[in-house]
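# Coordinates in review
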Amino acid sequence: MADLESDLRRHYGSQQLPADRARAILAAGRSVVARRAARRRWILIGTAAAAALVFGGAAFLREQRPRVSEAAAAVVAHFAPADYTIAEMSPDRAVLERWLREQGGPAAIEVPVAMRGLQPFGCQVLGARGQRVFLICFFLDSVPLAPGEMPIKKEMVVTAADGTMMKKNRALVHLVVAPRAAFRDAPVAGARVQPVAGEGWSFEAWTRGDLVYLAGSTVPADKLAELTRAL
């Protein structure tokens, strides 16, 4: 502003303008500078507000995503009733994985090595805070139960989507898969976490690539760990 005013004074001084005319010109120049400064301030304020809105929106969306323990709780809640239903049943894991893909599940599910020898039972899509998670369950016949240990239910009637009903008294292990981005507390690569979601249940979660895996069963934690450690 000082340079502009000096330049104007020198220019119009050499032209020998009347004093009131010179003052009017200087006032107009100050007004232009003030308007430009005000525009810059509003631009800065608008930019800061937009950044705060984006950051706040991202934080809000993160808070809306489920925790891994909430996915575990969804498993417990679904299988708690003795007459729970299961969407698709098959002893063929490829059939179950294909069904999950058709429901929007991951292209490939990496089942832990120790679980690959277990007989598949069925699959289901569950919800945790509106986030879809994809589940395959297996019979645990090959994992002996200690004296006094109870399977997932003493006796249960399971109904498939087509109305088929099966009565079972065999323990199950459940493998849940969902995108890593779906969770706000996905385990870091190489880490194992043990979410707590229901009395009498054991869970273990880990991240592999872009997916979070969650295994759960009513067997003790050390037996569940044996099934999931070898990947």
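Residues numbered from 1 in each chain as written. Predicted model: local features only at pLDDT ≥ 70, side-chain atom pairs only at ≥ 80, totals over all residues. Heavy atoms only, no water.

## Let's talk about the overall build of the protein chain
Helix and strand content of the protein chain: 5 helices and 8 strands. Counting from the amino terminus, helix and strand elements in the protein chain follow one another as α-α-α-β-α-β-β-β-β-β-β-β-α. Buried residues in the protein chain amount to 38% of all 231 residues. The long-range share in the protein chain, meaning contacts at least 24 apart out of those at least 6 apart in sequence, stands at 65%. Looking at the protein chain as shown, the accessible area adds up to about 12,800 Å², and 56% of this sits on carbon and sulfur atoms. (Helix = DSSP H or I, 4+ residues; strand = E, 2+ residues; numbered from the N terminus. Buried < 20%, exposed > 50% of the residue type's maximum accessible area, 1.4 Å probe, protein only. Contact = heavy atoms within 4.5 Å. Areas by Shrake-Rupley, 256 points an atom, 1.4 Å probe, with all protein chains shown as cover.)

## A look at the packing of aromatic side chains
Under the counting rule described, the total for this entry stands at 4 aromatic pairs. Summarising the aromatic geometry, the rings of phenylalanine 79 and tyrosine 84 are spaced 4.7 Å apart at their centres and angled 75° between planes, so their arrangement reads as edge-to-face. Here phenylalanine 79 falls in the buried class, since its relative accessible area comes to 2%. Assessed through its relative accessible area of 3%, tyrosine 84 is described here as buried. Lying over the aromatic face of tryptophan 206, arginine 192 brings its terminal NZ or CZ to 4.4 Å of the ring centre. (Phe/Tyr/Trp six-rings, centres within 6.5 Å; stacked < 30°, edge-to-face > 60°. Lys NZ or Arg CZ within 6 Å of the ring centre and 35° of its normal.)

## Details of the sheet that holds strand β3 (residues 131–139)
Strand order in the open sheet formed by 6 strands is β1-β2-β3-β6-β8-β7, and the pairing between neighbours is antiparallel. Pairing within the sheet leaves two strands with one partner each, and these edge strands are β1 (88–89) and β7 (202–208). The pairing of β1 with strand β2 (residues 120–128) spans 2 bridges and is classified as antiparallel. From the neighbouring strand, methionine 89 faces β2, where its bridge partner is glycine 122. In this fold helix α3 (residues 68–79) packs onto β2, β3, β6 (172–179), β7 and β8 (211–217), with an angle of close to 125° to the strand it touches most, β2. Sheet strands in contact with helix α4 (residues 93–102) are β1, β2 and β3, and its direction is about 20° off that of β2. (Pairing = 2+ DSSP bridges. Axes fitted to C-alpha atoms, helices over the stretch in contact; angles between N-to-C directions.)

## Points about helix α5 (residues 221–229)
For α5, the complete set of buried residues consists of Lys223, Leu224, Ala225, Leu227 and Thr228. Elements in contact with the buried residues of α5: β6, β7 and β8.

## A few points about the nonpolar core
Side chains that are nonpolar tend, in soluble globular proteins, to be buried together. Val75, Phe121, Phe183 and Leu214 are the most contacted members of the largest nonpolar core, which has 26 residues in total. Every element with two or more residues in this core is listed here: α3, β2, β3, β6, β7 and β8. Per-element accounting of this core gives the leading share, 6 residues, to α3. If sequence neighbours within four positions are ignored, leucine 214 has contacts with Val68, Ala71, Ala72, His174, Leu175, Val176, Pro195, Phe203, Glu204 and Ala205. Residues Trp99, Leu118, Phe134 and Leu175 belong to the second largest nonpolar core, which totals 25 residues. (Core = buried A, V, L, I, M, F, W, Y, C linked by side-chain atoms within 4.5 Å.)

## Focus: the side chain of serine 202
Structurally, the position occupied by serine 202 is in strand β7. In this structure serine 202 comes out as buried when scored by relative accessible area, which is 13%. At 3.2 Å, the side chain of serine 202 and the backbone nitrogen of alanine 221 are in polar contact. Dropping the residues within four chain positions of it, serine 202 is found in contact with Ala215, Gly216, Ser217, Val219, Pro220, Ala221 and Leu224. (Polar contact = N/O pair within 3.5 Å; in protein donor to acceptor, adjacent residues only side chain to side chain.)

## With respect to the pattern of salt bridges
Taken as a whole, this structure holds 4 salt bridges when the rule is applied. One salt bridge in this structure joins arginine 129 and glutamate 70, with 2.9 Å as the shortest N-O distance. You can see arginine 129 sitting in the loop between β2 and β3 and its partner glutamate 70 sitting in helix α3, a full 59 residues away along the chain. The class of arginine 129 is partly exposed, set by a relative accessible area of 46%. (Salt bridge = Lys/Arg side-chain N within 4 Å of Asp/Glu carboxyl O.)

## Some points on the confidence of the model for the protein chain
The pLDDT averaged across the protein chain works out to 79; a share of 69% of its residues lies at or above 70. The weakest mean pLDDT in the protein chain belongs to strand β5 (residues 165–168) at 50; the strongest belongs to α4 at 96. Within the model, the stretch residues 54–62 combines pLDDT values under 50 with 1 contact to residues more than four positions away or in other chains. A low-confidence stretch, residues 147–156 stays under pLDDT 50, and its non-local contacts, those more than four residues away or across chains, total 34 contacts. (pLDDT = per-residue confidence, 0-100.)

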